[in-house]
Amino acid sequence: MLLREVEYARPASVEEAVRLLSEHDGARALAGGQTLINVMKARAASPDMLVDLNRLDELKGIDLATDGTLSLGSMVTYTELIGSAEARARPILGEVCAQIGDVQVRNRGTLGGNVCSNDPTNHLPPLMVALGATMHITGPGGDRTVPADEFFLGVYLTAAGAGELLTKITVPPGKSDGFASVTIGKDGTCIVNAAASVNGGVRVAIGCVDAVPVLLKADSVDDVPAAVQNAKLEPPSDVHASADYRRRLAELAATRAAAQAQGKS
Amino acid sequence: MDVSVTVNGERYERDVEPRKLLIHFLRDDLDLTGSHVGCDTGNCGACSVIVDGVLVKTCMMLAVQADGSTIETVEGLAQDGELNGLQQSFSDHHALQCGYCTPGMLMSATALLRQNPHPSEEEIRTGIQGNICRCTGYVNIVEAIKAAAE
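Everything numeric in this text was worked out from a predicted model, so none of it was measured.

### Considering the domain arrangement of chain B
Residue and element names in this part refer to chain B.
- We note that the domain assignment places domain 1 (2-76) and domain 2 (85-149) within chain B.
- Computed over C-alpha atoms only, the centres of domain 1 and domain 2 are separated by 21 Å.
- Facing 15 residues of domain 1, the contacting portion of domain 2 comprises 12 residues.
- Secondary structure elements with two or more residues in the side of domain 1 that touches domain 2: strand 3 (48-51) and strand 4 (54-57).
- In terms of residue count, the dominant contributor to the side of domain 1 that touches domain 2 is strand 3 (three residues).
- Here the residues of the side of domain 1 that touches domain 2 sort into seven nonpolar, seven polar and one charged.

Written out as C-alpha cells, the structure is:
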C-alpha cells in the first residue's frame, strides 16, 4: 500500500534525533516499524516526518552492571535480546520476547517500540511494570528517568512526550519472574496477559484489561487471586472476549504468572 | 532520495520516495517480482527477504531504510538456472499448491537453515511461523525443509 507522503530523516546521533523530533511538530520516531508502518498504511497515524533510529548504535547496547542491573538500549531488537548472554541475567526477558510476533517481526521489532507504542495488548508493558524497570528518557530539556509503573499513561500514550526519546530501559536483578497470556491462536494477539515477579512480596501486572498495565501487589502468591478479585477490574468487551470472561482470564493469567515466578525462586 | 542496494549480487541505484515500501521497490523499481505482496499488513510473510543477513518482511520496511544494504531475494536462490537444494526439495515434496507463499517460505527456510543447519520439526515450524500458507500445505513444506536439511 502507498503511504501518505512523508519526509525521512536519518540522524547520526541521539542528539540530532531529539532535535529533529522537537523541531518538527509532525515528526515521529521510527523504531523497528513493525507497528508504525502498518498504522501508517491504515492512516491511523500520518506523521509528516519519520526520524529513523535504526542506525543509532548508542541505542543498541545491552550491558550488565556489576550490581546485576541490566541496561537495555531502546533499539535492541527482540532477536538481539533473545541471543544476548548478558540479558540472561533476567531470563524472563528473553522468554517473553520469544513469544512476540514471529521470526521476521522479532528481527526488526524493538524493545523501545514495544513499550512506546503502548498497545494494551503488547507483552512488554506489563512485564516492565512487574519487574520494576526504569525508563530513561532524553529530550530537549535533558535526561530524566521514569519508573515503568508511571511510564504508561494511556492507550498508545506514554510519559515520553513530544520531542522526547526513550533511550534505554534498566531492569534490576532478579530471577523469580513469570509470564502468562491467553492469545488468539498460538502466536496471536493477547486477550489477556500478566507478568509477575516475586521478591519478598509479589508484583503482578496485568495487561489488556485497562488502558495501561494494572499493577497489583500481594504478600504471597496464594493471595494473588484475591488481589485480582479485589481490584474490581473493568476490562473492555470485544469479539474475542466479554468483560466478564476477560476478568476471569485475568485472574487465571495472574495466578499462573505468579506460580511460575515462585517456581523459579 | 538516492538509494543504493546490492540485490542478489547486483548493484542498483535509484531515486526513491521515502514513503515507498521495500517490497514495492523490489517489485516495481527493480522488476524483481518473485517476492509477493500478500496481506500488506505484516502477517503473511509472502514478502520476506533477507536484508544484511536478517530475515525481514519487506512490507514493514521502507526502501530508503535499505540504503547501503545487501539483499537476498528468491530470484537469487537458483544458480545458473538450476534449482538449489531447498527449491528442489520443495518441488520433490510437493511443498507448494497455489505457490503464492512459496517465495517467502523459501527465504524463511533459507534463513533458518543458515542459522540452524539441522532443525527439529518444532524449530522448522517456529522458523516459518511468520509465513502463512492459505492452502494450508504446511505438512509438505515442513517435510521439504526437513529433507533439505539432511
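### Details of the interface of chain A and chain B
- Counting residues at the interface gives 22 residues for chain A and 21 residues for chain B.
- Of all the elements in the fold, those that place two or more residues in the side of chain A that touches chain B are strand 1 (7-9), helix 2 (36-41) and helix 5 (103-108) of chain A.
- Ranked by residue count, the leading element in the side of chain A that touches chain B is helix 5 of chain A, at five residues.
- For the side of chain A that touches chain B, the residue count by class is eight nonpolar, six polar and eight charged.

### Description of the packing of helix 2 (residues 85-92) of chain B against helix 5 (residues 138-149) of chain B
Residue and element names in this part refer to chain B.
- Here helix 2 crosses helix 5 at 135°, and the two axes come no closer than 8 Å. Considered as vectors, helix 2 and helix 5 are oriented oblique to each other. Between helix 2 and helix 5 the crossing geometry is right-handed. Residues Gly 85, Leu 86, Ser 89 and Phe 90 of helix 2 form the contact with helix 5, whose participating residues are Ala 144, Ala 147 and Ala 148.
- Residue classes in the contact of helix 2 with helix 5 are distributed as five nonpolar, two polar and no charged.

What counts as what
Residues numbered from 1 in each chain as written. Chains lettered and ligands numbered in written order. Predicted model: local features only at pLDDT ≥ 70, side-chain atom pairs only at ≥ 80, totals over all residues. Domains from an automatic or database assignment. Contact = placed C-beta atoms within 7 Å. Helix = DSSP H or I, 4+ residues; strand = E, 2+ residues; numbered from the N terminus. Nonpolar A, V, L, I, M, F, W, Y, C, P; charged D, E, K, R; others polar. Axes fitted to C-alpha atoms, helices over the stretch in contact; angles between N-to-C directions. Parallel < 35°, antiparallel > 145°, perpendicular 65-115°, else oblique. Left-handed = near helix turned anticlockwise from the far one by under 90°.

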